[in-house]
Amino acid sequence: VTVLSGIDPDRLPEEKERGMTIDLGFAWFSLPDLGEVGMVDVPGHKQFVHHVVPGLFAIDAVLLVVAADDGWMPQTEEHLQILDLLGIKNGIIVLNKIDLASDAEWLDLVEKDIMQHLANTGLSRSPVIRVSSRTGQGIDELKKVIAELTVTLTPRQDIGKPRLAVDRVFTIKGSGVVVTGTLSQGIFSNDDEVTLLPSGLGAHIRGIESYKQMRGKAQPGSRVAL
């Protein structure tokens, strides 16, 4: 995520110390003629797999990352099962850390094993891109394939029923409570009145931020903070 976007999604001190994603992280990058591509970074370690589902709601496609030196792991299988349960069929398999497993025959074996695991799943036809986040090898190709996948996705439509699946809640001094998520099925505007479910409590949108820019409106498919 950091190599693609230049943004480190790990914000918690424990994540920095342990070098692993514990909670959901968010980043984005721009594609020529396509605009901003938002990314949700979910934990890969089995201890934190319960954080994965909130991050996958309303996504359009997935980058399933497999380490070349470790290969397919139990938590990879758990992630795949979650993706299949949610009906996510658009994706790219990212075979990372190829600098740690440079033997071509080994990489071929790992890739073959991945495709065997993906058989009979929604991601069975996903391309496998070999990269190294440390050296940058394969990253340009990965961006190209992301762009190719993006243009095939059906844009989210405004059907007049905006819905935001909240995946983070926090408080900012001077601003109050802030929620983040991916907007679907409609448009949010400043000063809109909204309802929190399942509590039924009402709330007022004081401001909308998307990709670090303040907006008057948020369109379907946007990552937003309210």
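Residues numbered from 1 in each chain as written. Predicted model: local features only at pLDDT ≥ 70, side-chain atom pairs only at ≥ 80, totals over all residues. Heavy atoms only, no water.

**Observations concerning the pattern of salt bridges**
Here's step 1: Under the criterion given, the structure shown has four salt bridges.
Here's step 2: A salt bridge links arginine 134 to aspartate 99, with the shortest nitrogen-to-oxygen separation between them at 2.8 Å. Here aspartate 99 lies in the loop between strand E4 (91-96) and helix H5 (104-118) and arginine 134 lies in the loop between strand E5 (128-130) and helix H6 (139-150), a separation of 35 residues in the sequence.
Here's step 3: Residue class for arginine 134 comes out exposed when judged on its relative accessible area of 64%.
Here's step 4: In this structure aspartate 99 comes out as partly exposed when scored by relative accessible area, which is 25%.
Here's step 5: For glutamate 111, the salt bridge is made with arginine 130, and the minimal N-O distance between the two is 3.0 Å. (Salt bridge = Lys/Arg side-chain N within 4 Å of Asp/Glu carboxyl O. Helix = DSSP H or I, 4+ residues; strand = E, 2+ residues; numbered from the N terminus. Buried < 20%, exposed > 50% of the residue type's maximum accessible area, 1.4 Å probe, protein only.)

**Describing the side chain of serine 126**
Here's step 1: Here serine 126 is to be found in the loop between H5 and E5.
Here's step 2: One polar contact links the side chain of serine 126 to the main-chain carbonyl oxygen of glycine 91, over a distance of 3.3 Å. (Polar contact = N/O pair within 3.5 Å; in protein donor to acceptor, adjacent residues only side chain to side chain.)

**Examining the nonpolar core**
Here's step 1: Counting 18 residues, the largest nonpolar core has Leu64, Trp72, Leu95, Ile114, Leu118 and Leu123 as its most contacted members.
Here's step 2: A total of four residues in this core trace back to one element, the largest contributor, which is H5.
Here's step 3: Those residues in contact with isoleucine 114 that lie beyond four places of it in its chain are Val66, Trp72, Ile93 and Leu95.
Here's step 4: Grouped together as the second largest cluster of nonpolar side chains are 17 residues, Leu4, Val37, Met39 and Leu142 included. (Core = buried A, V, L, I, M, F, W, Y, C linked by side-chain atoms within 4.5 Å. Contact = heavy atoms within 4.5 Å.)

**What about a nonpolar patch on the surface?**
Here's step 1: On the surface, a nonpolar cluster with roughly 280 Å² of combined accessible area is contributed by Val166, Val169 and Val177.
Here's step 2: Topologically, valine 166 is positioned in strand E6 (residues 163-172). (Patch = residues over 30% accessible without salt bridge, like charges linked within 9 Å, V, L, I, M, F, W, Y side chains within 5 Å. Areas by Shrake-Rupley, 256 points an atom, 1.4 Å probe, with all protein chains shown as cover.)

**Thoughts on H5**
Here's step 1: Along its 15 residues, H5 runs 21 Å from first to last C-alpha, staying within 8% of the 21 Å computed at 1.5 Å per residue.
Here's step 2: Among all positions of H5, only Leu107, Val110, Ile114 and Leu118 are buried. End-on, the buried residues of H5 take up no more than an arc of 75°, which puts them together on one face. Those residues of H5 that are exposed and angled more than 90 degrees off the buried face are Glu105, Leu109, Lys112 and Gln116.
Here's step 3: Tucked inside the fold, the buried residues of H5 contact strand E3 (62-67), helix H4 (74-85), E4 and E5.
Here's step 4: Here H5 starts with a cap whose side-chain oxygen sits 2.9 Å from the backbone nitrogen of glutamate 105, and that cap is aspartate 103.
Here's step 5: Phi turns positive one or two residues past the end of H5, at asparagine 120, with a value near 65°. (Expected span 1.5 Å × (residues − 1). Arc of directions from axis to C-beta.)

**A closer look at the layout of surface pockets**
Here's step 1: Taken as a whole, the second largest pocket encloses approximately 1,400 Å³ of empty space.
Here's step 2: Forming the walls of the second largest pocket are 48 residues, and the residues nearest its centre are Val179, Thr180, Val224, Ala225 and Leu226.
Here's step 3: Contributions of two or more residues to the lining of the second largest pocket are made by strand E1 (25-31), strand E2 (35-41), E6, strand E7 (176-184), strand E9 (193-196), strand E10 (201-204), strand E11 (208-210) and strand E14 (223-225).
Here's step 4: In terms of residue count, E6 provides more of the lining of the second largest pocket than any other element does, seven residues in total.
Here's step 5: Its residues assigned to classes, the lining of the second largest pocket shows 28 nonpolar, nine polar and 11 charged. (1 Å grid on protein atoms, 1.4 Å probe; cavity = no way out; pocket = protein on both sides within 12 Å on 5 of 7 lines; lining within 4 Å. Points joined across faces, edges and corners; volume = space filled by probe spheres on them. Nonpolar A, V, L, I, M, F, W, Y, C, P; charged D, E, K, R; others polar.)

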